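Chain and residue survey
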Amino acid sequence: MAGEVQQGIGRAAAVLTALGDAKSGALRASDIARAIGLGASTTARLLASLEELGYVRRERDSQLYAIGTAILSLGSQALNHNPVHRESRAAAEALAQRTGLGVNVGVLDGTSLVYLCHFEGALAPKSHTMVGMRQPLHASGLGKCLLLDLDEAGRRALLGDDLERYTVHTLTDHAALTAALAESAERGYCTENQELALGRLSVAAPVRDADGRVVAGISVSGRLSVVRELDHDELAEQLIETADRISVGLGMISAVPTAAR
């Protein structure tokens with residue numbers, strides 16, 4: 001019985017994942033069935049149950065299915081219960097308005113980072129939100145912040161020996177990543193210069209909890225041509241001040257982490 005329940009939950013999750021990954025935002029039942037490898041009748045039953053619960057919705061006068069409002073409610077509740085999101089949301093939005101750049105707050109989840117907050121300034125408009133999206137740890141400014149508390153052995157255990165390459169600028173060698181993180185720890189912020197996507201640059205600072213441990217990161221990012229025109233020292237100063245303010249809200253007494261004293 002337990003196995004059947006687990007199988008049912010897994011299949012329902014597969015349906016929701018397929019819908020979430022759909023570039024068009026909606027899929028036909030037949031497309032969902034092909035994506036998750038189930039038969040048409042099984043998929044139809046899953047969709048009917050999920051629709052009844054509000055986890056999926058059927059587009060009006062069509063056979064297209066999309067993510068339902070019950071998922072939005074759960075996502076909002078998860079964010080509202082997250083202390084990092086509560087403490088960082090207003091500060092991140094204000095930083096985006098001041099700098100004009102994109103501002104993201106991310107936390108570690110498994111072997112990647114997940115965005116909790118996303119705001120866009122006037123210099124970095126986007127037509128979509130990045131909340132809930134994942135990014136690699138070694139190839140992003142935010143991800144590097146989340147690796148600062150680990151030594152090289154710990155990073156190898158987490159990421160494996162082989163680091164994936166995304167552009168010609170990606171650090172794929174652990175020794176090079178270790179050297180970059182040591183420099184970042186010394187200056188108080190991490191950078192990502194076209195390591196994840198060409199033409200993009202980001203600067204990120206760690207957010208710490210009451211014990212001085214890195215629990216999140218906050219970044220400013222934008223097109224390379226735009227960020228290059230800004231005062232980098234002032235940008236880093238604003239970023240670090242914002243990260244420290246969030247850290248204080250999470251209980252950190254001093255801006256200097258315990259481990260560094």
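Residues numbered from 1 in each chain as written. Predicted model: local features only at pLDDT ≥ 70, side-chain atom pairs only at ≥ 80, totals over all residues. Heavy atoms only, no water.

Topic: the nonpolar core
Judged by nonpolar contacts, the single largest core of 29 residues is most densely connected at Val84, Val103, Val207, Ile218, Val220 and Leu239. Among the elements of the structure, helix H5 (83-99), strand E4 (102-109), strand E5 (112-120), strand E8 (200-208), strand E9 (214-223), helix H9 (224-227) and helix H10 (232-249) are those that each provide at least two residues to this core. Contacts of valine 84, omitting those with residues within four sequence positions, involve Val105, Val107, Leu116, Val215, Ala216 and Leu250. In terms of nonpolar packing, the next biggest core, distinct from the first, is built from 16 residues, Leu137, Leu159, Leu163 and Ala204 among them. (Core = buried A, V, L, I, M, F, W, Y, C linked by side-chain atoms within 4.5 Å. Buried < 20%, exposed > 50% of the residue type's maximum accessible area, 1.4 Å probe, protein only. Helix = DSSP H or I, 4+ residues; strand = E, 2+ residues; numbered from the N terminus. Contact = heavy atoms within 4.5 Å.)

A few points about the sheet that holds strand E2 (residues 56-58)
Strand pairing within a sheet occurs via backbone hydrogen bonds; the two strands may be parallel or antiparallel. A sheet is described by the order of its strands in space; here three strands give the open sequence E1-E3-E2, paired in antiparallel fashion. Looking at which strands have only one partner, the edges of the open sheet turn out to be strand E1 (27-28) and E2. Pairing between E1 and strand E3 (residues 64-67): two bridges, direction antiparallel. Bridge pairing links arginine 28 to leucine 64 in E3. (Pairing = 2+ DSSP bridges.)

Regarding helix H3 (residues 40-53)
If you check H3, its first and last C-alpha atoms are 20 Å apart, about what 14 residues at 1.5 Å a residue would give, namely 20 Å. Within H3, burial applies to Thr42, Thr43, Leu46, Leu47 and Leu50. Down the axis of H3, the sector holding all buried residues measures 130 degrees, keeping them to one side. Projecting away from the buried face of H3 at angles above 90 degrees are the exposed residues Ala40, Arg45 and Glu52. (Expected span 1.5 Å × (residues − 1). Arc of directions from axis to C-beta.)

Some thoughts on the pattern of salt bridges
Two side chains of opposite charge can pair, provided their charged atoms sit close to one another. Counted according to the given criterion, the structure contains eleven salt bridges. In this structure, the salt-bridge partner of glutamate 59 is arginine 57, at a minimum N-O distance of 3.1 Å. Overall, the relative accessible area of 26% leaves glutamate 59 in the partly exposed class. Residue aspartate 149 pairs with arginine 208 through a salt bridge whose shortest N-O separation is 3.5 Å. (Salt bridge = Lys/Arg side-chain N within 4 Å of Asp/Glu carboxyl O.)

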